[in-house]
Amino acid sequence: MNKHTIKDYKSDQYVRWCPGCGDHAILNTLQKTMTEMGKDPEDIAVISGIGCSSRLPYYMGTYGFHTIHGRASAVASGVKVANPDLCVWQITGDGDALAIGGNHFIHAIRRNIDLNIILFNNQIYGLTKGQYSPTSKRGFISKSSPYGTVEQPFRPGELALGARGQFFARTADNDLATSRQVFLAAAKHKGTSIIEVLQNCVIYNDKTHIEITKKENRAKNTIVLEHGKPMLFGENKEKGLIRIGMELKVVELGKGGITEKDILVHDAHEPNTSLHIELANMEYPEFPVALGVIRDVVTPTYDENVALQVEMVKEQSNIKTFDDLVTQGNTWIVE
Amino acid sequence: MSKRSKVIELKEVVIRFSGDSGDGMQLTGSLFSDVSAFLGNDLSTFPDYPAEIRAPQGTVSGVSGFQVHLGNSEVYTPGDIADVLVAMNPAALKANNGKVREGGTIVMDVDSFDEKNLTKAGYLTDDPITEDQLQDYNIIKAPITTLTRNSLEDFGLDNKSILRSKNMYALGLVNWLFHQPIEAALEAIDKKFSKKNPNIAKANKKVLRDGYNYGVTIQALTPSYHINAAELKPGRYRTINGNLAISWGLIAASQKSGRELFLGTYPITPASEILQELSGRKDLGVKVFQAEDEIAGICTAIGASFAGDLAATSTSGPGLALMSEAIGLAVITELPLVIINVQRGGPSTGLPTKTEQSDLMQALYGRNGESPAVVMATSSPSDCFKYTYWAAKIAMEHMTPVILLSDGYLANGSQPWRIPKLKDFPNIIPPIPVGENEDWQPYARNEKLVREWAYPSMHGYQHRIGGLEKEEDTGNVSYDGVNHEKMTKTRQAKIDEIAHHIPDLILYGPPEADLLVLGWGGTFGHLYTAIDDMNIAGNKVAFAHFRFIHPFPKNTAEILGQFKKIVVCELNNGQLASYLRMNFPEKRFRQYNKIQGLPFTVDELKSHFTQLKNESDE
């Protein structure tokens, strides 16, 4: 089945991220997972904007395009609409996608173009050396916020779903199993897939996700959602999520008469966004942080519909060539 | 035709339809043009309308006009001054004060000349004829509103729809005035309306016929005009405006090159018709992406180009400003891209519906870094087709962004166009590699310094490109200073080389003339007509017009060298003149500029050239 090895998805370029950067793990997992996707390297295009994460295409053995700051969603949209048979990945960061590229990001999602967008979220500007980003927590101290930020951060899941996103997943850079699982699910999903990766910037924002991503914290501070499975977490799956009214609540099995039957079962295919947004918004320490595929709903994609329209109009129209076009309508002959 | 009091035979005539912006003057003008073209006149049209969709009714600022110049020989401009004015209300009469030839004909809808409208238009008395000193004009006072209402009595239409048909009454009257058989106009209405709304088509035809018959009734009192058909090159013709010609030029280049066409764009006046036309061309497989802004417009096009499509974007000056950074990306990655800029008055939002040539410097230099792109300009509505085709050919064959400058005057102006055949166009051969090639390198170059265009889905050609400086041949990221200098010079040399693959600059008029007139872009018709008139009168003037500006055609220095006195005429503050001074510092370039949102007039050009010829060299 896997006619390609990981080598086919690697370029000959030396990987130039800082030692210890979370990007290394994401790159390796992506390349490894691509061997399972059934796509030849020449049918994959990896498009990026600007930032540390956006160097990733240079290290791929596929086609790659390192574009300009914030515009990767637009360039990737053009690639996919020009050739819908390609498997198109966009690599971006919290600054690239959510600050300068916010407009293109939400419109790509709204159109539901079949792109797989990996959003490296380290809550900091790394390449410009340490300014706060649109996902930095309120009060975050950085080079450009010496007294703490006075801004509300974006929550990428909420933003993506607010933009009519139909696929949202989350993983952590060092959680290779979940990364593999969500990359595969995103590749399979038709439409815009957003994967938020909690990524560690070892230089400017080290350990920002540590409470969530550290191996020994993971079981108690995260919940890996799986479609059709009860929302349980903890070392021994002893805790779970229930919904009271409109609010989520963490409960312990066996306490206050709670049994597994009371626990919510994850439905990633539910079109209504309200529970998905609540799940995406869960923050430590009040809640476990949701990982895995939070939303995966099938709706018509832009690129498929463009192709369908072209096919339909071609069939109905009597204009088949340029010469047909220019001789239509009001013409006259001069002898 | 029954007897008339007087029929004036003319070689050419200019007619201006003018009314409130809701009066349908653009439609009336374009139907009249279609009919005249069909009857064999050569023509050129110019719509002139406010930026507001419905500016305050009855005021001078809300006046919308459409001018048509008909001739029995080739017509290059919509004309300086009207011979016939149709004024649907007092504001239209006021707005055109001084724009009608003395003794010309003015058709007025007298029903709209009431106290309220006269006041709104700024008349102080109830007698605009005397107030504007129009006593010597041939005035046709027709109660058009009342007559239209009578005409449609039995149609059961509401008052609004009836009033909307007034323009067809005026058109019928004008068809009569120009001896045009009514059948052609009726057919034009059918083509326009019968599919969408047969009842409106029927009503419009009735009103048109009654307007025509009204002319027959009053003919004893009114002189009418006749213009013989022009002698045009044999072939099949249609009328075309600049934006349609650009859209079709892209389609032609796509079919000839075998590359699918992708347009990524965002609506903007006066370029939106390109988006609209191409989004209807799904029958020819055209992919149109209406983006969230101009940045995304050009970036989707760059993505499509990377993926192997003939990619284009269309915009106007403010949009080109937003695209600057992305154009730089296309320059450094060396991807083919056609950027169409339909210029309008600037800076900022400026004059959205008025024409200007003030984006030349922006096109040449409006980017960070050493960022050479090809800059071209189209010079008439019909040659928008030819030069768009050329822009696409150069973009693909030389792997470069090409900025094609059109303008609002060309975009909306129309002309008869001899329909070409795809097989007669020059070939377009994009440098796409074929076969297996293990040592293939994305930035290796051919003798024209052009790299190859390999795109995703091509097996064995996987490569990575980007906005960072790249090592020669391999395209790998390189921060080496010597390499950067070499790549910068190579990118410029690649563009300079194009001078050897484009048509030479043409010299019109006598080479021994003591004055050379230079122009570029949409001013061709006015400049050509002016120098042609002068040469016919024995007043020698030479003329050259740039369609290729970066690079200049290779014989440019040679032509400039033949003349001592050179004047550069532009609808801006002297941008080409400055650029010429930089490139040909040994020459002196005089300037003639107009920045009023309007084309030159032939008269003002002739009087300026005559004056220049008489000036001493010092």
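**Re the overall build of chain A**
Step number 1: Helices and strands together make up the secondary structure of chain A, namely eleven helices and 14 strands.
Step number 2: The C-alpha radius of gyration of chain A comes to 22 Å, within 12% of the 20 Å expected for a compact globule of 335 residues.
Step number 3: Overall size of chain A, expressed as C-alpha extent along the three principal axes, is 95 × 50 × 45 Å.
Step number 4: By residue count, 56% of the 335 residues in chain A fall in the buried class.

**Remarks on a negative patch on the surface**
Residues and elements named next belong to chain B.
Step number 1: A grouping of Asp114, Glu115, Asp126 and Asp127 is seen on the molecular surface, where their side chains present a negatively charged patch.
Step number 2: Here glutamate 115 is to be found in helix α3 (residues 115-120).
Step number 3: The exposure class assigned to glutamate 115 is exposed, which follows from its relative accessible area of 68%.

**Here's the deal with the interface of chain B and chain A**
Step number 1: Taken together, the contact between chain B and chain A spans 71 residues of the former and 58 residues of the latter.
Step number 2: Together, Lys282, Glu292 and Arg464 of chain B form the three largest contributors to the area buried by chain B at its contact with chain A, with a combined 13%.
Step number 3: One can count one salt bridge joining chain B with chain A.
Step number 4: Broken down by secondary-structure element, the contributors of at least two residues to the side of chain B that touches chain A are α1 (25-38), β9 (235-241), α10 (242-257), β11 (287-290), α12 (294-306), α13 (317-333), β16 (414-418) and β17 (464-466) of chain B.
Step number 5: The element contributing the most residues to the side of chain B that touches chain A is α12 of chain B, with eight residues.
Step number 6: Among the residues making up the side of chain B that touches chain A, the classes are represented as 39 nonpolar, 15 polar and 17 charged.
Step number 7: Both strand β14 (residues 332-334) of chain A and β9 of chain B contribute to a ladder of three bridges, which runs antiparallel.

**Regarding the sheet that holds β16 of chain B**
Sheet strands associate in pairs through backbone hydrogen bonding, adopting either a parallel or an antiparallel arrangement.
Step number 1: An order of β14(A)-β9(B)-β16(B) is seen for the three strands of this open sheet, with the pairing classed as antiparallel. The open sheet has two free edges, formed respectively by β14 of chain A together with β16 of chain B, since each of these has just one partner strand. Taken over all neighbouring pairs, the strand axes of this sheet differ in orientation by 40 degrees on average, direction set aside.

**Considerations on the environment of isoleucine 218 of chain B**
Residue and element names in this part refer to chain B.
Step number 1: Examined against the element boundaries, isoleucine 218 turns out to sit in helix α9 (residues 198-218).
Step number 2: The exposure class assigned to isoleucine 218 is buried, which follows from its relative accessible area of 13%.
Step number 3: As a C-alpha pair, isoleucine 218 and isoleucine 189 span 29 residues in sequence and 24 Å in three-dimensional space.

**A word on helix α5 (residues 144-151) of chain B**
Note: α-helices contain 3.6 residues per turn, so residues at a spacing of three or four share the same orientation.
Residues and elements named next belong to chain B.
Step number 1: Taken residue by residue, α5 has Ile144, Thr145, Thr148 and Ser151 as its buried positions. Angular distribution of buried residues about the axis of α5 spans 125 degrees; they occupy a single face of the element.
Step number 2: In the core, the buried residues of α5 are packed alongside β6 (100-109), β7 (138-142), α6 (159-164), α7 (166-177) and α9.

**A few points about the confidence of the model for chain B**
Step number 1: Looking at chain B, pLDDT values average 94 and 99% of them are 70 or higher.
Step number 2: The complex model carries a pTM of 0.94, and its ipTM stands at 0.98.

**Quick word on unusual backbone geometry**
Step number 1: Cis geometry marks the peptide bond from threonine 269 of chain B to proline 270 of chain B; its omega dihedral reads 0 degrees.
Step number 2: Counting through the fold element by element, proline 270 of chain B comes out in the loop between β10 (261-265) and α11 (272-279).
Step number 3: Omega for the bond connecting histidine 550 of chain B with proline 551 of chain B falls within 30 degrees of zero, at 0 degrees, which places this linkage in the cis form.
Step number 4: Of note in the backbone geometry, asparagine 112 of chain A takes a positive phi value of approximately 60 degrees without being a glycine.

**Comments concerning the pattern of salt bridges**
Step number 1: This model, assessed by the stated rule, comprises 35 salt bridges over all chains.
Step number 2: The partner of arginine 111 of chain A in a salt bridge is glutamate 292 of chain B, with the nearest N and O atoms 2.8 Å apart. A residue pair is termed interchain when its members come from two chains, as with arginine 111 of chain A in helix α4 (residues 102-111) and glutamate 292 of chain B in the loop between β11 and α12.
Step number 3: Residue arginine 111 of chain A is classed as buried on the basis of its relative accessible area, which comes to 10%.
Step number 4: For glutamate 292 of chain B, a relative accessible area of 11% puts it in the buried group.
Step number 5: A salt bridge links glutamate 469 of chain B to arginine 491 of chain B; the shortest N-O distance between them is 2.9 Å. Here glutamate 469 of chain B, found in the loop between β17 and α17 (481-497), pairs with arginine 491 of chain B, found in helix α17; they are 22 residues apart in sequence, far enough to count as distant.

**Considering the nonpolar core**
Step number 1: Within the largest apolar cluster, 168 residues are counted, with the highest numbers of intra-cluster contacts made by Ile47 of chain A together with Trp248, Met376, Leu518, Ile549, Leu576 and Leu580 of chain B.
Step number 2: Here this core gets ten residues from one element, more than from any other, and that element is helix α15 (residues 383-398) of chain B.
Step number 3: In this structure, leucine 580 of chain B is in contact with Leu518, Phe546, Phe552, Leu560, Val568 and Phe589 of chain B, ignoring residues within four places of it in sequence.
Step number 4: Core analysis: the next-biggest nonpolar cluster, separate from the first, contains 52 residues, Leu31, Leu152, Leu157 and Ile218 of chain B among them.

**A closer look at helix α21 (residues 602-614) of chain B**
All names here are of chain B.
Step number 1: Taking 1.5 Å per residue as the helical rise, α21 with its 13 residues ought to reach 18 Å, and the 19 Å between its terminal C-alpha atoms agrees with that figure.
Step number 2: Within the sequence span of α21, burial applies to Val602, Leu605, His608, Phe609, Leu612 and Lys613. All buried residues of α21 lie within an arc of 135 degrees about the axis, which places them on one face of the element.
Step number 3: Contacts made by the buried residues of α21 are with β19 (515-520), α18 (524-536), β22 (565-570) and β23 (589-593).

**Topic: the packing of α10 of chain B against α15 of chain B**
Residue and element names in this part refer to chain B.
Step number 1: Close contact between α10 and α15 brings their axes to 7 Å; oriented N to C, the two are set at 40 degrees. Classified by the angle their axes make, α10 and α15 are oblique. Regarding α10 and α15, the two cross each other, and that crossing is right-handed. Facing α10, whose interface residues are Gly242, Ala245, Ile246, Trp248, Gly249, Leu250, Ala252, Ala253, Lys256 and Ser257, α15 presents Cys384, Phe385, Thr388, Tyr389, Ala392 and Met396.
Step number 2: Its residues placed into classes, the contact of α10 with α15 shows eleven nonpolar, four polar and one charged.

**Quick notes on the pairing of strand β14 (residues 374-377) of chain B**
For a regular strand, side-chain orientation follows a simple rule: the groups alternate between the two sheet faces.
Residues and elements named next belong to chain B.
Step number 1: Residues Val374 and Met376 line one face of β14 and the alternating positions Val375 and Ala377 line the opposite face, and both faces are buried.
Step number 2: Handedness of the crossover is the feature at issue here: the chain leaves β14, passes through α15, returns alongside strand β15 (residues 401-407), and the resulting connection is right-handed.
Step number 3: Examined bridge by bridge, β14 and strand β21 (residues 548-550) share two bridges and lie antiparallel to one another. Within β21, the position partnered with valine 375 by the bridge is histidine 550.

**A word on the sheet that holds strand β12 (residues 247-252) of chain A**
All names here are of chain A.
Step number 1: Spatially, β10-β11-β12 is the arrangement adopted by the three strands of the open sheet, whose pairing is antiparallel. With one partner strand each, in any of the chains shown, β10 (232-233) and β12 form the two edges of the open sheet.
Step number 2: Relative to β12, strand β11 (residues 239-244) runs antiparallel, the two sharing six bridges. Bridge assignment links arginine 243 to a residue of β12, and that residue is leucine 248.

**Remarks on the pairing of strand β2 (residues 63-66) of chain A**
All names here are of chain A.
Step number 1: Neither face of β2 is left uncovered, since the one carrying Tyr63 and Phe65 and the one carrying Gly64 and His66 both have all their residues buried.
Step number 2: Where strand β1 (residues 44-48) meets β2, four bridges bridge the pair, whose relative direction is parallel. When the sheet's bridge partners are listed, valine 46 is paired in β2 with glycine 64.

**What about the packing of aromatic side chains?**
All names here are of chain B.
Step number 1: Counting across every chain of the model gives 33 aromatic pairs over all chains.
Step number 2: On the numbers, 5.5 Å between centres and 65 degrees between planes, the contact of phenylalanine 17 with phenylalanine 32 is edge-to-face. Of this pair, phenylalanine 17 sits in strand β2 (residues 12-20) while phenylalanine 32 sits in helix α1, placing them 15 residues apart in sequence.
Step number 3: Judged by its relative accessible area of 0%, phenylalanine 17 falls in the buried class.
Step number 4: What makes phenylalanine 32 buried here is its relative accessible area of 0%.
Step number 5: Looking at lysine 94, its charged tip hangs above the ring of tyrosine 123, at a distance of 4.5 Å from the centre.
Step number 6: The aromatic ring of tyrosine 443 is capped on one face by arginine 451, whose charged end is 4.4 Å from the ring centroid.

About the criteria used
Residues numbered from 1 in each chain as written. Chains lettered and ligands numbered in written order. Predicted model: local features only at pLDDT ≥ 70, side-chain atom pairs only at ≥ 80, totals over all residues. Heavy atoms only, no water. Helix = DSSP H or I, 4+ residues; strand = E, 2+ residues; numbered from the N terminus. Rg over C-alpha atoms; globule rule 2.2 N^0.38 Å. Buried < 20%, exposed > 50% of the residue type's maximum accessible area, 1.4 Å probe, protein only. Patch = residues over 30% accessible without salt bridge, like charges linked within 9 Å, V, L, I, M, F, W, Y side chains within 5 Å. Areas by Shrake-Rupley, 256 points an atom, 1.4 Å probe, with all protein chains shown as cover. Salt bridge = Lys/Arg side-chain N within 4 Å of Asp/Glu carboxyl O. Lys, Arg positive; Asp, Glu negative; His and termini not counted. Charge placed at Lys NZ, Arg CZ, Asp CG, Glu CD. Contact = heavy atoms within 4.5 Å. Buried area = accessible area lost by both parts, 1.4 Å probe. Nonpolar A, V, L, I, M, F, W, Y, C, P; charged D, E, K, R; others polar. Pairing = 2+ DSSP bridges. Axes fitted to C-alpha atoms, helices over the stretch in contact; angles between N-to-C directions. Arc of directions from axis to C-beta. pLDDT = per-residue confidence, 0-100. Core = buried A, V, L, I, M, F, W, Y, C linked by side-chain atoms within 4.5 Å. Expected span 1.5 Å × (residues − 1). Parallel < 35°, antiparallel > 145°, perpendicular 65-115°, else oblique. Left-handed = near helix turned anticlockwise from the far one by under 90°. Right-handed = clockwise from strand over helix to strand, strands pointing away. Phe/Tyr/Trp six-rings, centres within 6.5 Å; stacked < 30°, edge-to-face > 60°. Lys NZ or Arg CZ within 6 Å of the ring centre and 35° of its normal.

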